[in-house]
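Next come the chains, spelled out residue by residue.
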Amino acid sequence: MAAGETQLYAKVSNKLKSRSASSLLDPLLAMGFPAHTALKALAATGRKTAEEACEWLHAHCHDPSLDDPIPQEYALFLCPTGSLLEKLQEFWRESRRQCAKNRAHEVFPHVTLCDFFTCEDQKVECLYEALKRAGDRALGSFPATVPLVLHSSISYLGFFINDSPADVIRGFAMAFATEASILADCIVKPCTKQLHLTLANKFYPHHQRTLEQLARSIQPGHSCQWTASLYSRDMRFVHYQQEEASEGWAIGTSQRTGCRGFLPENYTERASEADTWVRHRTYTFGLAMDLNSRKDGGTSGRRNGDSCPSPMSRSLSSSQVLQATIVRRSVLVVHHGERLDQIFGKSWLQQCSTPDGKFYRPDLNVPRSLPRRSNGIKDFENDPPLSSCGIFQSRLAGEALLDSGIRVTAVFASPALRCVQTAKHILEEQRIPGPPSRKDRGTREQNWRDQELKLERKLKIRVEPGIFEWMKWEASKTTPAFMTLEELKEANFNVDPEYRPAIPSSSLMPAESYEDYVDRCAVSMGRIIGSCPPDMGVILIVSHSSALDSCTRPLLGLPPRECGDFAQLVRKIPSLGMCFCEENKEQGQWELVNPPVKTLTHGSNSAFNWRNWISAS
């Protein structure tokens, strides 16, 4: 190691090295880890257990910065607990449900007491001592109740702390900065701005009134004990901006491994700011307890600022257990499978046609045949079918739904052929148990499965034009020529001829506005839900990528998104992307929950010309 690194990772002196620090470091050194990487792992995991630090080291074995002398960055927050925290968390959930996500949802309720600062890995224990000394000094004068005053502007909503309580809290922050400078040789700048607890930040102006109404339900006088919490984060995640790469990919750094590279956008998600923070130690005002003896301050592995599960979290877990035993009405919205023009471009039909106008299969990803249409093959130009891979994707999703235990009891589809095809192939993998086998017990389960009936033969697909794509995105300047119910039945699609749609196909106009589009989706969802009994199981809706937003928000009671945000969101939804809504009858509302199956991810496979390969050799 270089001289600077040797100095940075110098051994902890006997004066500062506590028994707890030694008990954490020694097992890692005994495993063969170098002292500087062991100290880095302990700092990165909040110095909780040697096991967590060991797991971190194994996950970061390929991290290119593992041996670099990069310290953690630290900050001190004042966090509420008790019933006030529960009310704040409830506000967080409701504000996101009613007004979409804003910057405040990236973190948890807290008051920032100092700017982020760095501390060498071997001196982190000294920060803990600085926190304890500053807390003990302020304990007697810390206000029993911290008054919170609501402040609102066009892009910010939060509580301000004023008068003498703010001065006491600033004095505590100043004391911590002084102690940290003496013990840990850190330069800490106490926060000089107005002390505040942010509720919402950088939101749409038209959401201000709704957010204010939600905030007024929070009573600042709720019982609360305030906790000073010391957090750290990896400096590589500070103000990190995700870089755009090719379509479907992004350049980023893995939070779990620290490795940097290309990440698939539909298989990964950007971490929230608070997810990159690790809590180290806490000091709770109002409880005269030693810092090192507090289990919630020294051993908690949570990153969200909660020292223990709140009563609300426990009740939520109980309701989730109850959901496993009670069948609730659910809506599963699915994006159709891969379509032919998506792979072969707008001229796909010319590639698949012979000079005399007959269908021709030029590639294995083109299906063997197409359904018969009254106007011939030309009607497929604006109503393309699934590719061979799209058919496989649909069957794979149906098989996964079967394995997950999900049972579809009603199915609705957009009139686009690709959507009706996707619904058909999903249902082909769904089965209804037949009569039990009389053979021996060892083969009973398999024989039962062999005698199951395909759900596709029992359930009829209800074609609903109201959930068709936003007409503005259609290439044709006229309403697409969909296959009629008679043509679909002739092509062996089990459609329901008696279903009366909410919006007829003739009402789809090429010049449709965004407002008209979301309105017809809302009307269609009302008809779909109204046509199914209240105790119905899973309602399957197969439509376009836009439907995952436009068909679920009316159920959730949310207003439409801004048009620009809507377009950016839905263009990234992959084939067979799903959204799952579940009805909560106890609260009289619908909730968005995890889909019953995992994401379908696969790579591209370009065309291969063997002649070019021969000539190149």
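Residue indices follow the written sequence of each chain, beginning from 1 at its first position. Only residues with pLDDT of 70 or above have their local features reported here, since the model is predicted, and side-chain atom pairs are shown and tallied only from 80 upward, although totals for entire chains, interfaces and linings are computed over all residues. In computing side-chain properties, one takes all heavy atoms of the structure into account and sets aside hydrogens as well as water.

(A) Quick peek at the overall build of the protein. Elements are defined by DSSP. Helices are runs of H or I of four residues or more, strands are runs of E of two residues or more, and each kind is numbered from the N terminus. In terms of helices and strands, the protein carries 21 helices and 19 strands. Residue exposure (1.4 Å probe, protein chains only): buried if accessible area is under 20% of the type maximum, exposed if over 50%, otherwise partly exposed. Burial analysis of the protein (617 residues in total) assigns 47% to the buried set. We call two residues contacting when some pair of their heavy atoms lies within 4.5 Å. Put simply, 76% of the contacts in the protein that link residues at least 6 apart link residues at least 24 apart. For every accessible area listed, the method is Shrake-Rupley and the probe measures 1.4 Å; residues are considered covered only by the protein chains on display. Approximately 31,600 Å² of the protein is accessible, and the part contributed by carbon and sulfur atoms is 52%.

(B) Here's a closer look at the pattern of salt bridges. The salt bridge criterion pairs a side-chain nitrogen of Lys or Arg with a carboxyl oxygen of Asp or Glu, the two atoms within 4 Å. In this structure the tally under the stated criterion is 23 salt bridges. In this structure, aspartate 63 and arginine 236 form a salt bridge, with 2.9 Å as the shortest nitrogen-oxygen distance. Taken together, the residues span a long stretch of sequence, with aspartate 63 in the loop between α4 (50–59) and β1 (72–79) and arginine 236 in the loop between β7 (227–233) and β8 (243–244) at a distance of 173 residues. Note on aspartate 63: relative accessible area 6%, which makes it buried. Accessibility expressed as a relative area gives 23% for arginine 236, which makes it partly exposed. Notably, a salt bridge pairs lysine 132 with aspartate 136, separated by 3.0 Å at the nearest N-O pair. Remark: aspartate 136 and lysine 132 occur in helix α6 (residues 124–138); sequence separation between them is 4 residues, near one turn of the helix. By sharing partners, the salt bridges in this structure join Glu129, Arg133, Arg137 and Glu179 into a single network.

(C) Main features of the pairing of strand β10 (residues 260–264). Strand pairing is assigned whenever DSSP detects at least two bridges linking the two strands. Pairing analysis gives 5 bridges linking strand β9 (residues 249–253) to β10, with the strands arranged antiparallel. Across the sheet, the residue bridging to alanine 250 is leucine 263, located in β10. Connecting β9 to the antiparallel partner β10 that follows it, the hairpin turn spans 6 residues, and glycine 258 within it adopts a positive phi of roughly 80°.

(D) Spotlight on unusual backbone geometry. Backbone geometry places arginine 47, a non-glycine residue, at a positive phi of 50°. Mapped onto the elements of the fold, arginine 47 is located in the loop between α3 (35–44) and α4. One non-glycine residue, alanine 100, adopts positive backbone phi at about 70°. Of note, alanine 100 is situated in the loop between α5 (82–99) and β2 (111–112).

(E) The pairing of strand β18 (residues 578–584), seen in detail. Burial of β18 is extensive: 7 of the 7 residues sit out of reach of the surface. Of the two faces of β18, both are covered, the one formed by Met578, Phe580, Glu582 and Asn584 as well as the one formed by Cys579, Cys581 and Glu583. Counting the residues in the hairpin turn of β18 and strand β19 (residues 589–593) gives 4 residues, including glycine 588, whose phi is positive at 65°.

(F) Representation of the packing of helix α13 (residues 388–404) against helix α14 (residues 417–428) in the model. The N-to-C vectors of α13 and α14 enclose an angle of 40°; their axes lie 7 Å apart at closest approach. Considering their axes alone, α13 and α14 lie oblique with respect to each other. When you trace α13 past α14, the crossing you get is right-handed. Contact with α13, carried on its side by Ile391, Ser394, Arg395, Gly398 and Leu401, involves Thr422, His425, Ile426 and Glu428 of α14 and no other residues of that element. Think of it as three bins: nonpolar holds Ala, Val, Leu, Ile, Met, Phe, Trp, Tyr, Cys and Pro, charged holds Asp, Glu, Lys and Arg, and polar takes everything else, Gly as well. Of the residues belonging to the contact of α13 with α14, the class tally is 3 nonpolar, 4 polar and 2 charged. Note on geometry: axes are lines fitted to C-alpha atoms, helical ones only across the stretch in contact, with angles between N-to-C directions running from 0 to 180 degrees. Every angle not falling under 35 degrees, over 145, or within 65 to 115 is termed oblique; those three ranges are roughly parallel, roughly antiparallel and roughly perpendicular. Handedness of a crossing is defined here by the sense of rotation of the near helix relative to the far one, left-handed for an anticlockwise turn of less than a right angle and right-handed for a clockwise turn.

(G) Representation of the sheet that holds strand β12 (residues 330–335). Reading across from one edge, β16-β13-β17-β12-β18-β19 is the order of the 6 strands in this open sheet, with mixed pairing throughout. Each of the sheet's edge strands pairs with one partner strand only, and the pair in question is β16 (461–463) and β19. The sheet shows a mean angle of 25° between the axes of neighbouring strands, direction not considered. Bridge analysis of β12 against β18 gives 5 bridges, and the strand direction is antiparallel.

(H) Fine view of the nonpolar core. The nonpolar core is taken to be a set of buried Ala, Val, Leu, Ile, Met, Phe, Trp, Tyr and Cys residues, with the residues joined through side-chain atoms within 4.5 Å. Of all hydrophobic cores here, the largest spans 55 residues; its most connected members are Leu76, Phe91, Leu127, Phe172, Phe176, Leu199 and Trp226. In this view, phenylalanine 176 contacts Leu76, Phe117, Leu127, Ala130, Leu131, Ala134, Val188 and Leu230; residues no more than four positions away in its chain are not counted. Formed by 42 residues, the second largest nonpolar core is a distinct cluster that contains Leu332, Trp348, Cys352 and Met578.

(I) Focus on the side chain of serine 550. One can find serine 550 in helix α18 (residues 547–550). Judged by its relative accessible area of 5%, serine 550 is buried. N or O atoms within 3.5 Å of each other form a polar contact, as long as, within protein, one can give a hydrogen and the other can take it, and as long as residues adjacent in sequence are counted only when both atoms are side-chain atoms. For serine 550, the side chain forms a polar contact with the side chain of tyrosine 517, separated by 2.8 Å. In this structure serine 550 touches Tyr517 and Cys521, once residues within four positions along its chain are discounted.

(J) How the structure looks around the environment of valine 168. Structurally, valine 168 can be placed in helix α7 (residues 163–183). Taking the C-alpha atoms as reference points, valine 168 and alanine 138, separated by 30 residues in sequence, lie 7.5 Å from one another. In this structure, valine 168 is in contact with Ser141, Phe142 and Pro143, ignoring residues within four places of it in sequence.

(K) Representation of α13. One fewer than the residue count of a helix, multiplied by 1.5 Å, yields its expected span. Here α13 contains 17 residues, and its C-alpha end-to-end distance of 25 Å stays within 8% of the 24 Å for a straight helix at 1.5 Å per residue. Among the residues making up α13, those that are buried are Gly390, Ile391, Gln393, Ser394, Ala397, Gly398, Leu401 and Leu402. Positioned one or two residues after α13, glycine 405 has a phi angle of 90°, which is positive.

(L) Structural view of the confidence of the model for the protein. Across the protein, the average pLDDT comes to 81, with 81% of residues at or above 70. Counting interchain partners and residues more than four positions distant, the pLDDT-below-50 stretch residues 1–19 has 22 contacts. Low pLDDT, under 50, characterises residues 287–327; the stretch is placed with 57 contacts to residues that sit more than four places away or in other chains. pLDDT: the predictor's confidence for each residue, scored from 0 to 100.

(M) The arrangement of the state of the cysteines in detail. Whenever a pair of cysteine sulfur atoms sits within 2.5 Å, that pair is classed as a disulfide. Evaluated as defined, the whole model comprises 0 disulfides. With no disulfide partner, cysteine 191 has as its closest neighbouring cysteine sulfur the one in cysteine 114, 8.5 Å distant. Among the residues examined, cysteine 191 registers a relative accessible area of 13% and is labelled buried. Just so you know, cysteine 521 is unpaired, no disulfide at all, and the nearest cysteine sulfur is the one on cysteine 551, 4.5 Å from it.

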